[in-house]
Amino acid sequence: MDSNSSSPSPNNHASTTKINGFFHPKLGSQPATSSRSRLAMASPVNSDPKVVTGTAGYILEDVPHFTDYIPNLPTYPNPLQDNPAYSVVKQYFVHVDDSVPQKVVVHKDGARGVHFRRAGPRQKVYFEADEVQAAIVTCGGLCPGLNTVIRELVCGLHHMRAGALKLNKFCACFFQVSPPSFHYSVFSKQALMPKGGYRGFYARNTITLTPKSVNDIHKRGGTVLGTSRGGHDTKKIVDSIQDRGINQVYIIGGDGTQKGASAIFEEVRRRGLKVSVVGIPKTIDNDIPVIDKSFGFDTAVEEAQRAINAAHVEAESVENGIGVVKLMGRNSGFIAMYATLASRDVDCCLIPESPFYLEGPGGLYEYIEKRLKENGHMVIVIAEGAGQELVSESVQSMSKQDASGNKLFQDVGLWISQKIRDHFAAQKTLPITLKYIDPTYMIRAIPSNASDNVYCTLLAQSAVHGAMAGYTGYTSGLVNGRQTYIPFYRITERQNHVVITDRMWARLLSSTNQPSFLDSKGDNEEKKEEEAALNQLPDGHCSKDTSLANKEINSIYPTTC
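No experiment lies behind these values; they were computed from the predicted model shown.

A. The arrangement of the overall build of the chain in detail. Scanning the chain from terminus to terminus reveals 14 helices and 20 strands. Counting only contacts in the chain whose residues sit at least 6 apart along the sequence, the fraction spanning at least 24 positions is 74%. Of the roughly 25,400 Å² of accessible surface on the chain, a fraction of 50% belongs to carbon and sulfur atoms.

Right under this line is the structure:
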């Protein structure tokens, strides 16, 4: 075990110094405070991203640490090093310089690229077991694996810290490690009807719960803490955190929830509180950037197979049968794409990232007719965010939003099913039988499968290790198969989308044999433009190929005449 495995030196961006071979910013002058005090005097802090540079283009996008804005904090030996269960594990503690690259494939003469701090236990921690008081909050829609994360956070803080915990339900669970009692508090008078989400910070009542009570919750879907959208008031939340003496906050949610967590962290840092704010990425759509995947995604893809199989059975059992399945994916079509690849029964997959059109040569209607004549049946998978611009043209939709600020989409599954029925009814040449299946909320409500259960365990344990080591303002996530700590700004800067020019989408097109609708329409328009341009050229001259496929080639290998 490495004696240098404590948390990194204090950082601030006023200037840099070389530590362990890399350049770290030096800590600016700050007023002295008592090392035992939970609260430090608020002082101006630099909230710029922490970036550590090294040789050969090495860049570490580091996460904030208590020592960035609270000086003279004491450290304590990690209780795990005295736990006999870990005595046989060699190199259990993570070295201070361990990092994980964001990209594995790099050019031989290129830089090493961006890295993130590797997750795991450190030899030194910044909390004593009897001072830990933690909160858990789950926000947004349901997702398989929520209860597993909650259970592992509770058990991780209880067993790994060799203490008991005080918890709060209501989507804001508050623990206190103080043996021998274990209390579970619900800050609400409506214990049977919790509102959950960020609103849980405003509740009042308490009830008790033992570690045994969370033992089997991973076998149930949903969340025992309750959840909701909206309700985020940064000042009120941090006031509640401060009043209740909470020093660890674990926030489980998608990109919107992580933005809220980032705002809470910034306010906590502005006040100089010794409070670790940790995010755990949750989105069934898998649209959080940087990380390999979000928990619940594998379960969703696996469960989607049941709906696709049912649609296939219905379609092939009748003449000219069509099965339409709508899957989750507001802005990202990952579930639809992976479920299609896994199924092998799908003839057409429609996702938000790949626009399509209905009528005319190369359109969806023409492709459906072709597949029905060839196979006698067809299965279409469509993500909920696909074709929304087409729905808006034919349906007078209001630009309404939910409590989280997300745009409320029209039901594209019902819309496209009716459009297909109407089209073939008007043609009167090919009678069809169409079945529509929407398994959305059935998928959201199931327990996580084995793969996601393991992943949820790793996410939760990594989050606890990081908080105990004094890190804050980060999301625990998997990058290139390794658990890492990712700063909030990288998680919230954008959404993850299917890249339709990437190999995975090409594999789907190969599997379904569907046309790339955008290319089909674009090719016809480009051919007309090319013909018009060629007709205008004088004799003896030639023109570069202006098609989309050859624009990049022409920029590298110019056409010569």
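B. Molecular detail of the UniProt feature "binding site: substrate" (unreviewed entry) in the chain. As annotated by UniProt and renumbered to match this structure, "binding site: substrate" (unreviewed entry) occupies Thr-283, Ile-284, Asp-285, Met-328, Gly-329, Arg-330, Glu-384, Tyr-441, Met-442, Ile-443 and Arg-444. Structurally, Gly-329 can be placed in the loop between β15 (321-327) and α5 (334-343). Since its relative accessible area comes to 0%, Gly-329 is described here as buried. With residues near it in sequence (within four places) discarded, Gly-329 still touches Asp-285, Pro-352, Ala-383, Glu-384 and Gly-385. Within the fold, Arg-330 resides in the loop between β15 and α5.

C. Quick peek at the pairing of β15. Buried residues dominate β15, accounting for seven of its seven residues. Residues Gly-321, Gly-323, Val-325 and Leu-327 line one face of β15 and the alternating positions Ile-322, Val-324 and Lys-326 line the opposite face, and both faces are buried. The pairing of β15 with strand β17 (residues 377-383) spans seven bridges and is parallel. Considered in β17, the bridge of Val-325 is made with Val-381. Bridge count for β15 against strand β18 (residues 433-437) is five bridges, and the pairing is parallel. When the bridges of β18 are listed, Gly-323 appears paired with Lys-435.

D. Examining the nonpolar core more closely. Leu-153, Tyr-250, Ile-252 and Phe-295 are the most contacted members of the largest nonpolar core, which has 86 residues in total. Sort the elements by how many residues they give to this core and helix α10 (residues 450-468) lands first, with eight residues. Lining this core are residues from two domains, each supplying at least three of them: domain 1 (51-165 + 182-294 + 449-492) and domain 2 (297-394 + 408-446). Ignoring anything within four residues of it in the chain, the contact list for Leu-153 reads Ile-136, Tyr-250, Ile-252, Ile-280, Ala-460, Ala-463 and Val-464.

E. Inspection of the sheet that holds β17 at higher detail. As summarised here, the arrangement of the four strands in space is β16-β17-β15-β18, forming an open sheet in which the pairing is parallel. Here the strands that pair on one side only, and so sit at the sheet edges, are β16 (348-350) and β18. When the angles between neighbouring strand axes are averaged without regard to direction, this sheet yields 15 degrees. The pairing of β16 with β17 spans three bridges and is classified as parallel. Within β17, the residue paired with Cys-348 across the bridge is Ile-380.

What counts and how
Residues numbered from 1 in each chain as written. Predicted model: local features only at pLDDT ≥ 70, side-chain atom pairs only at ≥ 80, totals over all residues. Heavy atoms only, no water. Helix = DSSP H or I, 4+ residues; strand = E, 2+ residues; numbered from the N terminus. Contact = heavy atoms within 4.5 Å. Areas by Shrake-Rupley, 256 points an atom, 1.4 Å probe, with all protein chains shown as cover. UniProt positions renumbered as here; feature names shortened; annotations may be inferred. Buried < 20%, exposed > 50% of the residue type's maximum accessible area, 1.4 Å probe, protein only. Pairing = 2+ DSSP bridges. Core = buried A, V, L, I, M, F, W, Y, C linked by side-chain atoms within 4.5 Å. Domains from an automatic or database assignment. Axes fitted to C-alpha atoms, helices over the stretch in contact; angles between N-to-C directions.

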